[in-house]
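Observations on the model geometry
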Amino acid sequence: MFPGAFTYSRPATVSDAVALLVDNPDAKILAGGHSLVPAMKLRLAMPSALVDLRDITELQGVEASDDSVTIRAMATYNDVRDHEGAAAALPILVEAINVVGDAQVRDHGTLVGSLVHNDPAADLTAVALALGGDVHATGPNGDRSISLDDFFVDLWTTTLEPDEVVTHVTLNRPSQHSRMAYRKFAHPASGYAIVGVAAVLGMDGDTVSQARVALTGAASTATRLSSVETAITGQALTEESVEAAIRDVTAGLTINGDQFAPEAYRAHLVEVLTKRALLGTQA
Ligand SMILES: Cc1cc2nc3c(=O)[nH]c(=O)nc-3n(C[C@H](O)[C@H](O)[C@H](O)COP(=O)(O)OP(=O)(O)OC[C@H]3O[C@@H](n4cnc5c(N)ncnc54)[C@H](O)[C@@H]3O)c2cc1C
């Protein structure tokens, strides 16, 4: 399969990349290419120009501070997983990255590319939502920050504008009294999430004082499970409290169904994996 014709540029700065996007409204950013290139080969995407970010040094790297982890746009999954500060601060990143696709995808794919692509079955969208934080973008009108809570809109759609470049994402680092886990039922061929659930809990002793729980794979976009967050907050984390919290977990959600997992089966998986993620935070 061959993609349509396109021009190819490798700007050296973010502002040059933005200028290329402004000049050509049909252009697409190229990061690791693990979502965009397959889509181009299938002609699901036919950009007339690719703007490759690989030469922009300011988009490389990962940093961990006391209150956040910063992941720059060209940091690959493996760059994030192998960063000691990030792995220690947010072990859920390691847990989730280890179950993304295969070694090649983790070596070339970027975490930011996954967030921008917003595949409904991506893993890190749910993990990022459960941690909370901001996406930082630069466009023709300057820089702006978008809360992760406002970033994911629908299938392959975010609030990013076509002429904006995401420079980095900052993920919140919870207090020391926190627990986190990601649980996934993977598609056996691609590794994508048929259903995945990420849970990040703040703890006051044995009681849940704060909860952010996010779902992927089951709906058209990653989404927070607010009924579960509310129900588990203020409770001791036990099998009984978790069972009660997940009772209405699928209420209000439009669950996907396909040849791999019909709607009822996915709904069942949402219950099972939400329970496992919440209880998995104890490990
Ligand atoms: C075989 C295979 C298996 C996979 N399995 C999984 C899996 O199990 N779980 C999972 O979550 N994912 C999986 N993936 C998808 C993979 O995680 C994503 O392709 C990857 O993370 C996307 O990052 P990228 O750098 O490759 O993005 P690209 O493909 O380069 O870009 C993706 C999209 O984001 C845009 N973009 C990228 N970076 C920026 C930026 N900085 N600013 C603005 N726009 C930007 C591009 O224009 C494009 O539209 C799999 C992919 C393959 C090929």
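Quick notes on the rules
Residues numbered from 1 in each chain as written. Predicted model: local features only at pLDDT ≥ 70, side-chain atom pairs only at ≥ 80, totals over all residues. Helix = DSSP H or I, 4+ residues; strand = E, 2+ residues; numbered from the N terminus. Rg over C-alpha atoms; globule rule 2.2 N^0.38 Å. Buried ≥ 20, exposed ≤ 12 C-beta atoms within 10 Å, placed from the backbone. Contact = placed C-beta atoms within 7 Å. Pairing = 2+ DSSP bridges. Right-handed = clockwise from strand over helix to strand, strands pointing away. Core = buried A, V, L, I, M, F, W, Y, C linked by C-beta atoms within 7 Å. Axes fitted to C-alpha atoms, helices over the stretch in contact; angles between N-to-C directions. Domains from an automatic or database assignment. Nonpolar A, V, L, I, M, F, W, Y, C, P; charged D, E, K, R; others polar. Near = placed C-beta within 6 Å.

For the rest of this paragraph, the subject is the overall build of the chain. Helix and strand content of the chain: eleven helices and 14 strands. Here the C-alpha atoms of the chain give a radius of gyration of 19 Å, agreeing with the 19 Å that 2.2 N^0.38 yields for 283 residues. Split into buried and exposed, the 283 residues of the chain put 46% on the buried side.

The next subject is the environment of alanine 27. Among the structural elements, alanine 27 can be located in strand E2 (residues 27-30). Taking C-alpha positions, alanine 27 is 15 Å from glycine 113, a pair spaced 86 residues apart along the chain. Beyond its immediate chain neighbours, meaning those up to four positions away, alanine 27 contacts Leu20, Leu21, Pro47, Ser48, Ala49 and Val51.

With glycine set apart, most residues show a phi of negative sign, and most peptide bonds adopt trans. One non-glycine residue, arginine 43, lies in the positive phi region at around 60°. Take arginine 43: there are 11 C-beta atoms within 10 Å of it, and that puts it in the exposed class.

In the sheet, strand E1 (residues 7-9) pairs with strand E3 (residues 49-52) via three bridges, with the strands oriented parallel. Within E3, the residue paired with tyrosine 8 across the bridge is leucine 50. Here four bridges tie E2 to E3, and the two strands are oriented parallel to one another. Counted as the bridge partner of isoleucine 29 is valine 51 from E3. Following the backbone out of E2, through helix H2 (residues 36-41) and into the adjacent parallel E3, one traces a crossover that is right-handed.

A word on the nonpolar core. Grouped together as the largest cluster of nonpolar side chains are 90 residues, with contacts concentrated most on Ile92, Val127, Ala130, Ala198 and Ala199. Residue contributions to this core peak at nine residues, all from strand E12 (residues 193-204). When neighbours within four sequence positions are excluded, isoleucine 92 is seen to be in contact with Val127, Met180, Ala181, Tyr182, Ala198 and Val200.

Turning our eyes to something else, we now look at the sheet that holds strand E11 (residues 178-186). Taken in spatial order, the four strands make up an open sheet running E11-E12-E13-E14, and their pairing is antiparallel. Of all strands in the sheet, those with a lone pairing partner are E11 and strand E14 (223-224), marking the two edges. Its contacts with the sheet put helix H11 (residues 263-280) on E11, E12 and strand E13 (207-216), and the angle it makes with E12 is roughly 30°.

In space, the five strands of this open sheet follow the order E4-E5-E10-E6-E7, with antiparallel pairing throughout. Both edges of this open sheet fall to strand E4 (62-64) and strand E7 (142-147), since each of them pairs with a single strand only. Between one strand and the next, the sheet's axes are offset by a mean angle of 15°, whatever the strand orientation. Two elements, strand E6 (residues 133-139) and strand E10 (residues 165-172), share six bridges in a ladder whose sense is antiparallel. By the bridge assignment, histidine 136 is partnered in E10 with histidine 168.

Once the domains are mapped, the chain shows domain 1 (7-52), domain 2 (59-172) and domain 3 (178-280). For domain 2 and domain 3, the distance between their C-alpha centroids amounts to 20 Å. Among the elements that make up the side of domain 2 that touches domain 3, the one with the highest residue count is helix H8 (residues 124-131) (six residues). Considering only residue class, the side of domain 2 that touches domain 3 consists of 16 nonpolar, four polar and four charged.

Near the ligand there are 30 residues, and of these Gly32, His34, Gly101, Gly109 and Gly113 occur at the shortest range. For the shell around the ligand, the secondary-structure elements that each account for two or more residues are E2, H2, helix H7 (111-117) and E10. In terms of residue count, H7 provides more of the shell around the ligand than any other element does, five residues in total. Each residue belonging to the shell around the ligand can be placed in one class, and the counts come to 16 nonpolar, twelve polar and two charged.

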